[in-house]
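Results of the structural survey
Now for the letters of each chain:
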Amino acid sequence: MDRPDRTSHAPPPALPSAPLRWSTGLPCLLAALVVAVVFAASWSNLPDPMAVRFDERGDVNRSGSPAQLLLLCEVLLLGLGAALVRGALLRTVDLRTLYAVSVATAVGLGYLFTVVVLVNADAASADEARLPLWHLAVAAGAAVVAAVGVRALVPEGPTARADRPVVTSSVGLRQGERAVWVRSVGPRWLTASAVLGAVAAVTAGALGWSPGFWLAPLGLLVGALPGSRVIVDGSGLTVRPPVLPGPRIHVPLDRIVRAWTAEARPLADLGGWGYRIKPGRRGIALRSGAAVWLELADGKEFVVVVDDAATAAGLLADLLAGDTGNARRDDR
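A brief look at the structure comes next.

What the chain contains, in helices and strands, is nine helices and eleven strands. The buried share of the chain, taken over its 332 residues, is 43%. In the chain, of all internal contacts separated by at least 6 residues, the share reaching a separation of at least 24 is 67%.

Written out as structure tokens, the structure is:
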């Protein structure tokens, strides 16, 4: 079967500097500071307890301590900012998208948190506070406009392309030697964000938003996929979830015809993010980037986007070329 040449010596595109990547969390930090200032300026006028949740008519249906609401606001904004910075430093998402998400989050949540404080400051008690639903529309609209504006103003950075692959080479595994390679499928910040979201959902549930309690397990489930481990050893390639023994994906070495590295794009190559199956190919991709590509004995392909994919593919190539694997294809 003819295969396209997946090797290239083209120089990598220039990457944004570290200060630019650190600044992706700045909008969330500024929003957290603004909310804290508004709380401080209104503290003496806030009822205790204050209104923290409103129904579809804008009336209060839950109250809580001002300190609790302040803590929730700061944890959410600062935690999301830290997660965005982490993603920027690991280069798992393009910088323009991260800026757009950061500004949209800061504008939308910052507006809502500020309005909640102000409507309480004008009320003699929590029961007198009202939050009309049009504030939600304003927050959502402002967030969308901010995101679109950022994407229009910030230039598009270098993107992953399937025709700009990573050169695969041997890792130097000698006959009789054994080696194991292990990496996480997704960035740690994504797992941390999912866990943070679960904590925030529980906190919201404790403050009276009952859906928070059943959204928390969903956050932990979402965090399980990026926390999964990709393992390459003499048995082949395995993707295993954290903590639990299964379910797992295992590609035996004797089913692998060839291994190489190339850029993979979730939508173009797999039809979406996560674990995907399409005719002739299946795999896992949470982002665009260098991936381990496997040609299988049945003519199909398996792909997984993971850090240090070149080393994984090189180890598999060494195992296939020699007799160090547990099951070498003798008809290759």
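Let us look at the pairing of strand 8 (residues 274–278). Relative to strand 9 (residues 281–285), strand 8 is paired through five bridges, and the arrangement is antiparallel. Across the sheet, the residue bridging to G274 is A285, located in strand 9. In sequence, strand 8 turns back onto strand 9 through a hairpin of two residues, with G280 there showing a positive phi of about 85°.

What follows concerns the sheet that holds strand 6 (residues 249–252). Strand order in this open sheet of four strands is 3-4-5-6, and the pairing throughout is antiparallel. The open sheet is flanked by strand 3 (181–184) and strand 6, the only strands paired with a single partner. Strand after strand, the sheet turns through a mean of 10° between neighbouring axes, direction not considered. In this structure, strand 4 (residues 229–233) lies alongside strand 5 (residues 236–240), joined through five bridges in antiparallel fashion. Looking at strand 5, one finds that V230 is bridged to V239. Here helix 9 (residues 309–321) sits on the sheet in contact with strand 3, strand 4 and strand 5, set at roughly 30° to strand 4.

Next up on the list: the sheet that holds strand 7 (residues 256–264). Read from one edge to the other, the open sheet built from five strands follows the order 7-10-11-9-8, with strand pairing classed as mixed. Each end of this open sheet is capped by a strand with a single partner; those strands are strand 7 and strand 8. Across the sheet, the axes of successive neighbouring strands diverge by a mean angle of 15°, strand direction being ignored. Pairing analysis gives five bridges linking strand 10 (residues 289–296) to strand 11 (residues 301–305), with the strands arranged antiparallel.

Moving on to the packing of aromatic side chains. Applying the stated rule across the entire model yields two aromatic pairs. Centroid distance F39 to W43: 6.2 Å. Interplanar angle 50°. Geometry classified as tilted. For W43, a relative accessible area of 40% puts it in the partly exposed group. The interplanar angle of 15° and the centroid separation of 6.3 Å between the aromatic rings of W260 and W293 together place this pair among those described as stacked. Of this pair, W260 sits in strand 7 while W293 sits in strand 10, and the two are 33 residues apart along the sequence. This pair shows no difference in class: W260 is buried, exactly as W293 is. Seen from the ring of W260, R258 lies directly overhead, with NZ or CZ sitting 4.1 Å from the centre.

It is worth spelling out the packing of helix 4 (residues 95–121) against helix 5 (residues 134–153) at this point. Close contact between helix 4 and helix 5 brings their axes to 8 Å; oriented N to C, the two are set at 155°. Overall, the two elements helix 4 and helix 5 adopt an arrangement that is roughly antiparallel. The crossing of helix 4 and helix 5 is right-handed. Together, R96, T97, Y99, A100, V103, A104, V107, G108, Y111, L112 and V115 of helix 4 and W134, H135, L136, V138, A139, A142, A143, A146, A147, V150 and R151 of helix 5 make up the contact between the two elements. Of the residues belonging to the contact of helix 4 with helix 5, the class tally is 17 nonpolar, three polar and two charged.

So, how was this worked out
Residues numbered from 1 in each chain as written. Predicted model: local features only at pLDDT ≥ 70, side-chain atom pairs only at ≥ 80, totals over all residues. Heavy atoms only, no water. Helix = DSSP H or I, 4+ residues; strand = E, 2+ residues; numbered from the N terminus. Buried < 20%, exposed > 50% of the residue type's maximum accessible area, 1.4 Å probe, protein only. Contact = heavy atoms within 4.5 Å. Pairing = 2+ DSSP bridges. Axes fitted to C-alpha atoms, helices over the stretch in contact; angles between N-to-C directions. Phe/Tyr/Trp six-rings, centres within 6.5 Å; stacked < 30°, edge-to-face > 60°. Lys NZ or Arg CZ within 6 Å of the ring centre and 35° of its normal. Parallel < 35°, antiparallel > 145°, perpendicular 65-115°, else oblique. Left-handed = near helix turned anticlockwise from the far one by under 90°. Nonpolar A, V, L, I, M, F, W, Y, C, P; charged D, E, K, R; others polar.

The analysis is restricted to geometry; functional conclusions fall outside its scope.
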